[in-house]
Amino acid sequence: MAPTDPKMWIRLSWIHENTSQLYMNANDTILSIKGLSKSFPGVKALSNVDFTLRRGEIHALMGENGAGKSTVIKVLTGVYKRDAGEIIYNGAPLDCKSPLQAQEAGISPVYQEVNLVPNLSVAENVFLGRQPMKRGCIDWKTMNREAAKIIRRFDLEIDIEKNLGDYPVAIQQMVAIARALELNSKILILDEPTSSLNVQETERLFTQMRRLKDEGQAIIFITHFVDQMYEIADTVTVLRNGTYIGTWPVAELNKLQLISKLLGKEAEKLSEVTASRSRNELGDERGRGQRVIETRGLGKTGGIKPLDLRVAAGEVLGCAGLLGSGRTELANLLFGIDAADEGVLLVEGEETKIKNPRKALQLGLALSPEDRKDQGIIGDLSVRENIILALQNRKGWFKTLSRAEQQEIADRYIEILNIKTPSADQAIKNLSGGNQQKVIIGRWLATNPKFLILDEPTRGIDVGAKTEIQKLIVELSKQEMAVMFISSELEEIARCSTKVMVMHDMKVSNILEGDDINENTIMHAIAERHTDGE
Amino acid sequence: MNKQLQQGGDFSARLAAGIKSIQWPLIALGMILLFNLIFTEGFFEISIQNGRLVGSLMDLLKRAAPRLIVALGMTLVIATGGIDISVGSIAAIAGALAVLVIRGGDITYLATQDTSTVSILLVILVALSAAAVCGLFNGLLVSVVKIQPIVATLILMVTGRGMAMLFTGGYVLNYDHPGYKSLGVGDWLGLPIPIYIAIFILIVLAVLTNRTPLGLLIQSTGGNETASRYSGTNTTLVRILVYVIAGVCSGVAGIIFTADVQSADAAFIGLWIELEAILAVVIGGTSMAGGRYSLAGTVVGALIIQTLITTLLTRAVPVQFTLIFQAAVVVVVLMLQSPRVKEMTFKRRARKEASTHA
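Residues numbered from 1 in each chain as written. Chains lettered and ligands numbered in written order. Predicted model: local features only at pLDDT ≥ 70, side-chain atom pairs only at ≥ 80, totals over all residues. Heavy atoms only, no water.

Draft legend 1. Region of interest: the environment of P93 of chain A. Residue and element names in this part refer to chain A. Of note, P93 is situated in strand β5 (residues 92-93). You can call P93 exposed: its relative accessible area is 70%. Sequence-distant contacts of P93, that is, excluding residues within four places in its chain, are made with I87 and I88. (Helix = DSSP H or I, 4+ residues; strand = E, 2+ residues; numbered from the N terminus. Buried < 20%, exposed > 50% of the residue type's maximum accessible area, 1.4 Å probe, protein only. Contact = heavy atoms within 4.5 Å.)

Spelled out as structure tokens, the structure:
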């Protein structure tokens, strides 16, 4: 039924053009997430997260470890099932049940660790799983030709018939992106793409990202690098401990504001200096005890830069800084997980070398590691076995703790630390995150350490357990233990520490003592470094 | 008094928990035995001949003994998340060396052998030391050189049998040594000696893993190596130790094998035993992923395999079918233990209950 009047034609097409443009504007938004929530046993991973992505936008998703950045992506791509919330994609509700389904819908994540096959050629990787076929065989000619075309768009001068593994990570990352785009992706998700790239490689990636953006591609850029976010992103959404903090145009959020959002303190309130009362209550006589740990120029090539550090008995050394500032690296260096290759380490005044955690344990050091699941708990073993492990190792092979002794020690720490478990024989994997954390702390307290390093002991655990652990830190320091307390939460650092060390770029950038310690000063110390870097 | 009572209760509770953890293999074993009780005439018949107990059951236990010993060693290796496929070759090396020592180094084929007077302790010492060195070699490859266990032990699986053949000059070497022979064919109080040896090894390993930290350290290393190392465990040493233990266990089996047939044929001593051992461990409920293990489970697993073989033999099932039967039973037992199958049956049960309630 074509209209007979030619004028009608013109009018109709005009209307069509305009409506389609209107339609385009209204649907500039490609993805809209509202009220997304997800819990794991004992942990609220996401609660009420909103996220809106438009075409031609680079939207940064930021947050410290455990903030829920990757959980959002995993829910979006169907790795996890969401508990609540809605995802509107391309104007229709989306409910991916598997990553494959998400891929088919046009949502392609490119992960930090390139998950392609290194021993296949570049071309094969680009077409992995959907190789062009001809008479039941792979059509190599077409595949290589097409792949070359795709790769050329990325300004890459590489031989697509060579193995992917022969190329540096940056190139591999680019190939992964090319592959994702080739899958007709509407949303490109880059999860910490720059963490293994150097400056030039990062710049190269950014150039491509800008080009894609100009072509109208929607990009989600997950990163913990503040400077990079400012360089490339248009919009930033901040998550903290699984909650949605907010979304801002990058130009309207300065670095100090951003860092305050990341770490959890409103920038407006920063001017109000709130002296930490509990620390004053503890008195200032602490920190004058015997020096337990001292380093002189201790460092590791490619890791912690030479650093001087002193922790005395009864002192709580708070360690603040953003992700990747060297906090965990320092803990690993002190505990012998990474070997130092320069400088001197003294334990109670005696020069020593700690080559492995075993040696550290013998010297009376203890470390509750950052990654509870992979480095802390031994999931299948019971609470009792998890608690006595370090003590048994300290005692050695020939002094076995009897079953009765084990039970007694386990029961003691279950009581002292208020660990909620049906019995000491419960497998630790069945406990909540907070209780698992307490078991790990109990494991180390059982060895009666002189120096306890707690790396993010309160991350991802409920508020009650958090407070208990903070109280415990203060209690331990009263008992003349030297404690190093690493945390992303400035509030608890300020509350528990007698001295605060701010780290940036693998070295100590600031040391705050006495009345200088409050969230405000710590935050400024962190932000200062980042603005300096400009 | 109260405390004693409590400990007694504690012990029986632990025993009950222990039995529960191996309930499926136990049920499987019970079913095979029940089948024999009903259908296989004379399976449980035991008669006394010349002061020794004779019957299918005795034969079964005697045959199971060396296989069980290897499987026990294998259990600890698997508990650390490793595997040892060289156990058969280590058995061959130990058996061949033992016979070589008995013969005073003489490898002349079919030479008539006088009764050897070499000390049996020396023979055992040489054989087991060699087995321990083999285990040490495996352990170092796995824990220090960090080669994947299956590849690392593949090296000795292949070269070990070759070495054993060098020791015997490629011949089947016979010998005459009443003391050594009795380790395979002898009996005491009516029971075959290999059964005593297996029980002895079981007790030694049970004590070693329960009365020393070894059991805890093995399980923590297999459960989460990083966390275990961060807690001060010498995971390298733990790994080396389990391979040495597995090596010595294989050596013991090699001695029993060569004592049983009164000769050493390096090409066949302990051939394919690694597969039986791994199967026994897995049937016994120890996960190949490492972590929790059960020596008792392995005992039941080894008995299941041997009972099955003996059943098929006594029922005169054609040889070409025995392996298929064996495979079928293994699949059933493994499925009973699989978390996924359990989950599915639970779900169905829950659904049934829900529907009846509704």
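Having seen the model, we can carry on.
Draft legend 2. Molecular detail of the environment of N36 of chain B. All names here are of chain B. Following the sequence through the fold, N36 ends up in helix α2 (residues 23-39). Each C-alpha atom of the pair N36 and V145 lies 49 Å from the other, and the pair is 109 residues apart in sequence. In contact with N36, not counting residues within four places along its chain, are F43, F44, T307 and T311. Side-chain polar atoms of N36 contact the side chain of T40, separated by 2.7 Å. A distance of 2.9 Å separates the side chain of N36 from the side chain of T311, its partner in a polar contact. (Polar contact = N/O pair within 3.5 Å; in protein donor to acceptor, adjacent residues only side chain to side chain.)

Draft legend 3. Representation of the interface of chain B and chain A within the structure. Each partner contributes residues to the interface: chain B has 26 residues there, and chain A has 28 residues. When chain B packs against chain A, close to 2200 Å² is buried across both sides, 62% of that on carbon and sulfur atoms. Among the residues chain B hides against chain A, the three largest losses belong to L216, Y230 and S231 of chain B. Together they make up 31% of the total. Put simply, chain B and chain A have 1 salt bridge between them. Among the ionic pairs, R292 of chain B bridges to E385 of chain A, the shortest N-O distance being 2.6 Å. Along the contact surface separating chain B from chain A lie 8 residue pairs in polar contact (both at pLDDT 80 or more). For the side of chain B that touches chain A, the elements supplying multiple residues, two or more each, are α1 (2-21), α9 (214-223), α10 (225-230) and α11 (235-261) of chain B. (Buried area = accessible area lost by both parts, 1.4 Å probe. Salt bridge = Lys/Arg side-chain N within 4 Å of Asp/Glu carboxyl O.)

Draft legend 4. Looking closely at the packing of helix α12 (residues 273-283) of chain B against helix α14 (residues 319-337) of chain B. All names here are of chain B. Between α12 and α14, the shortest axis-to-axis distance is 10 Å and the interhelical angle comes to 35°. Within the contact between the two elements, α12 uses L279, V282 and I283 and α14 uses V330, V333, L334 and Q337. Classifying every residue of the contact of α12 with α14 by side-chain character gives 6 nonpolar, 1 polar and no charged. (Axes fitted to C-alpha atoms, helices over the stretch in contact; angles between N-to-C directions. Nonpolar A, V, L, I, M, F, W, Y, C, P; charged D, E, K, R; others polar.)

Draft legend 5. Summary view of the confidence of the model for chain A. Residues and elements named next belong to chain A. Within chain A, residue pLDDT values average 83, and 88% of them lie at 70 or more. Mean pLDDT across the elements of chain A ranges from a minimum in helix α10 (residues 277-282), with 42, to a maximum in strand β18 (residues 365-368), with 96. Of the regions scoring below 50 in pLDDT, residues 8-26 engages in 4 contacts with residues more than four places distant in sequence or in other chains. In the predicted structure, residues 267-287 sits below a pLDDT of 50 and forms 32 contacts with residues beyond four places in sequence or in another chain. (pLDDT = per-residue confidence, 0-100.)

Draft legend 6. Seen up close, the sheet that holds strand β17 (residues 350-352) of chain A. Residues and elements named next belong to chain A. Spatially, 4 strands are ordered β14-β13-β16-β17 in an open sheet, and the strand pairing comes out antiparallel. Pairing within the sheet leaves two strands with one partner each, and these edge strands are β14 (307-312) and β17. Each adjacent strand pair in this sheet contributes to an overall mean axis angle of 20°, direction not counted. Pairing geometry for strand β13 (residues 291-299) and β14, over 5 bridges, is antiparallel. Across the sheet, the residue bridging to I293 is V311, located in β14. Across the sheet, helix α11 (residues 327-334) lies against β13, β14 and β16 (342-347), angled at about 110° from β13, the strand it touches most. (Pairing = 2+ DSSP bridges.)

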